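Next come the chains, spelled out residue by residue.
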Amino acid sequence: MNSQKKILLFLICFLFINTFHSHGQSTEIPKEERLAWFKDAKFGVFIHWGIYAVNGIDESWSFYNNYISYADYMKQLNGFTAKNYNPTKWAKLIKESGAKYTVITTKHHDGVALWNTKQNDLSVVKKTPAKKDVITPFVKAIRKENLKVGLYFSLLDWSHPDYPNFTRTKTKYKKDDKKWKSFTKFNFGQLKELSKFNPDLYWFDGDWEQSADMWKAKEIRQLLLKNNPNTFINSRLQGYGDYATPEQGVPITTPLSEFWELCMTMNNSWGYQPNDTNYKTVNQLIRILVDCISMGGNLLLDIAPKPDGTIPEEQTKILKGIGRWTNKHKEAIYGTRAGVPKEHFNGYTALSKDKTTLYLYVDNKPNGPLLIKGLKNKVNRIWVVGNGTKLSHKVVGKQYWSNVPGMLYIDVPEEVQDKDVTVIAILLKGKVGLYREEVKAIESN
Ligand code: FHN
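Rules behind the numbers
Residues numbered from 1 in each chain as written. Predicted model: local features only at pLDDT ≥ 70, side-chain atom pairs only at ≥ 80, totals over all residues. Heavy atoms only, no water. Helix = DSSP H or I, 4+ residues; strand = E, 2+ residues; numbered from the N terminus. Buried < 20%, exposed > 50% of the residue type's maximum accessible area, 1.4 Å probe, protein only. Contact = heavy atoms within 4.5 Å. Areas by Shrake-Rupley, 256 points an atom, 1.4 Å probe, with all protein chains shown as cover. Lys, Arg positive; Asp, Glu negative; His and termini not counted. Charge placed at Lys NZ, Arg CZ, Asp CG, Glu CD. Phe/Tyr/Trp six-rings, centres within 6.5 Å; stacked < 30°, edge-to-face > 60°. Domains from an automatic or database assignment. Buried area = accessible area lost by both parts, 1.4 Å probe. Salt bridge = Lys/Arg side-chain N within 4 Å of Asp/Glu carboxyl O. Pairing = 2+ DSSP bridges. Axes fitted to C-alpha atoms, helices over the stretch in contact; angles between N-to-C directions. Core = buried A, V, L, I, M, F, W, Y, C linked by side-chain atoms within 4.5 Å. Patch = residues over 30% accessible without salt bridge, like charges linked within 9 Å, V, L, I, M, F, W, Y side chains within 5 Å.

(A) View of the overall build of the protein. Looking only at helices and strands, one finds 14 helices and 15 strands in the protein. Dimensions along the principal axes, computed over C-alpha positions, put the protein at roughly 85 × 75 × 40 Å. Buried residues in the protein amount to 54% of all 445 residues. When contacts within the protein are restricted to residue pairs at least 6 apart in sequence, those whose partners lie at least 24 apart make up 70%. In the form shown here, the protein has an accessible surface area of approximately 20,900 Å², with 54% of it arising from carbon and sulfur atoms. Averaging the locations of the 63 positively and 45 negatively charged side chains of the protein gives two centres separated by 4 Å.

Below, the structure is given as structure tokens:
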């Protein structure tokens, strides 16, 4: 074979290897299939539970930022009892809230594992009065409620002796291949242990401190998907994830990723902090959920259990309050897709998966009939979601000779309005069609 043919053969092989095995994703079940339930779920509950609840201080960050010494931070191990931990009660409350999935911290940046890891001794099993694995019973209780389970795992571990970083002002080492190899073996060991729980999703955190190569992110992805080809990963694996995870700030513009989830605290703290009484109201949180739904995303709302395993009363009330609304408006939540551009309706909207029903979310008291502009479809029926009342409506301003749609006005009597967000369903003739052209001057009547 002459040298030209050899070069051509090499190039073909190189292209094949790089095209079909970069990220290893071409051999994976398509993302749309793996994340189908996630796209429909819309609402999840995040759980930050750890020793940081004992003093009610920032999770891991309090020692990283030198607000407390590491030694004093770790003394919180002695206060983590889980003596009133009732995972079944947690699972039922999460179900009642209308959440379809939950994500629990298995290990935060402080390195304290909540399951019986065999990779080291830093766990609530070996180092706290709890003396038990709290993840296994939680996963079991969640599955019993037919909810999906996600496991949060911090890639970085500021406690581990072989991990280079420690606090904002101290590092254990700058570069040490032997130590880093040892830490990588530790991380993979813990990830293999977590894969045994067969979670529906992995919620990585802390990826910002190292590169994809250093984390061996590609190998982590391959390990987890080999263990369960239907699982998926959040964005925090240095480019090897499946969906975007905006945090705390409600997106202003619709995220570019088709799959995304806003994670948010109920007050301003991820962990239990009794001094943080700055809770968002149920009404505010429902409207945040509606905002995410209207943009085609999910809300992952955090709760922060106390050291004994009880969920703070304020947080229980909020989950129940959200559950009232989600239970009443199921059809306008689960399985919906992003709504129509704001020019057509001055508020939040969403569409049914088949695009034949348009949902309007009204988070205020209308001064008059609602207005929808530029809707090409004829309307079959309009009703109030959650109580079925049919609503009177009419089209105004449609000129027989013009293709510009008329303006659809819908009356919403006070008695059918929801105390938080009223949802109106519009059953269209066919799939939604929107007039998006420029309205021109008239040349003949
Ligand atoms: O550093 C963590 C933080 O403590 C918390 O766990 C949040 C939750 O998404 N994630 C990281 C900050 O982005």
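What follows continues from the structure just given.
(B) Representation of the packing of aromatic side chains in the model. Under the counting rule described, the total for this entry stands at 33 aromatic pairs. Both rings, one in Tyr-163 and one in Trp-215, keep their centres 6.2 Å apart while their planes meet at 5 degrees; by these two values the pair is stacked. A residue pair is termed long-range when its members are at least 10 positions apart, and Tyr-163 in the loop between strand E3 (148-154) and helix H10 (177-195) and Trp-215 in helix H11 (residues 212-215) qualify at 52 residues. Across the pair, Trp-215 and Tyr-163 agree in class, each one buried. Aromatic side chains Trp-180 and Phe-183 sit 5.4 Å apart centroid to centroid with 40 degrees between the ring planes, which places their arrangement in the tilted category. Placement of both Trp-180 and Phe-183 in helix H10 is noted, with a separation of three residues, approximately one turn of the helix.

(C) Examining the domain arrangement of the protein more closely. Here the protein is partitioned into domain 1 (30-328) and domain 2 (337-428). Measuring from the centre of the C-alpha atoms in domain 1 to the corresponding centre in domain 2 gives 38 Å. Contact residues are listed per partner, giving 15 residues for domain 1 and 16 residues for domain 2. Buried area between domain 1 and domain 2, summed over both chains or domains, comes out near 1,400 Å², and the portion from carbon and sulfur atoms is 52%. On the domain 1 side of the interface with domain 2, the three residues burying the most area are Arg-287, Ser-294 and Lys-328, jointly 35% of the side's total. If you look at where domain 1 meets domain 2, you find six salt bridges.

(D) Expanded view of the sheet that holds strand E14 (residues 407-410). If you trace the three strands from one edge of the open sheet to the other, you get E11-E14-E13, paired in antiparallel fashion. The open sheet has two free edges, formed respectively by strand E11 (370-372) and strand E13 (393-396), since each of these has just one partner strand. Mean inter-strand twist for the sheet, computed between neighbouring axes without regard to direction, equals 25 degrees.

(E) Looking closely at the pattern of salt bridges. Scanning the entire structure with this criterion turns up 21 salt bridges. Each member of the salt-bridge network shares a partner with another, and the members are Arg-324, Lys-328, Asp-418, Lys-419 and Asp-420.

(F) Geometry of the nonpolar core. Ile-47, Trp-49, Phe-138, Phe-204, Leu-299, Trp-325 and Tyr-361 are the most contacted members of the largest nonpolar core, which has 94 residues in total. There are two domains that each give this core at least three residues, and those are domain 1 (30-328) and domain 2 (337-428). The contact partners of Trp-49, leaving out residues within four places of it in the chain, are Phe-80, Ala-82, Tyr-85, Trp-90, Thr-105, Leu-114, Val-134, Pro-305, Lys-306, Pro-307, Asp-308 and Gly-309. Counting 20 residues, the second-largest nonpolar core is a separate cluster that includes Leu-351, Val-379, Ile-410 and Val-412.

(G) Examining a nonpolar patch on the surface more closely. Where nonpolar side chains cluster on the molecular surface, the patch consists of Tyr-400, Trp-401 and Ile-442 and spans about 390 Å² of accessible area. With respect to the secondary-structure elements, Tyr-400 resides in the loop between E13 and E14. For Tyr-400, a relative accessible area of 73% puts it in the exposed group.

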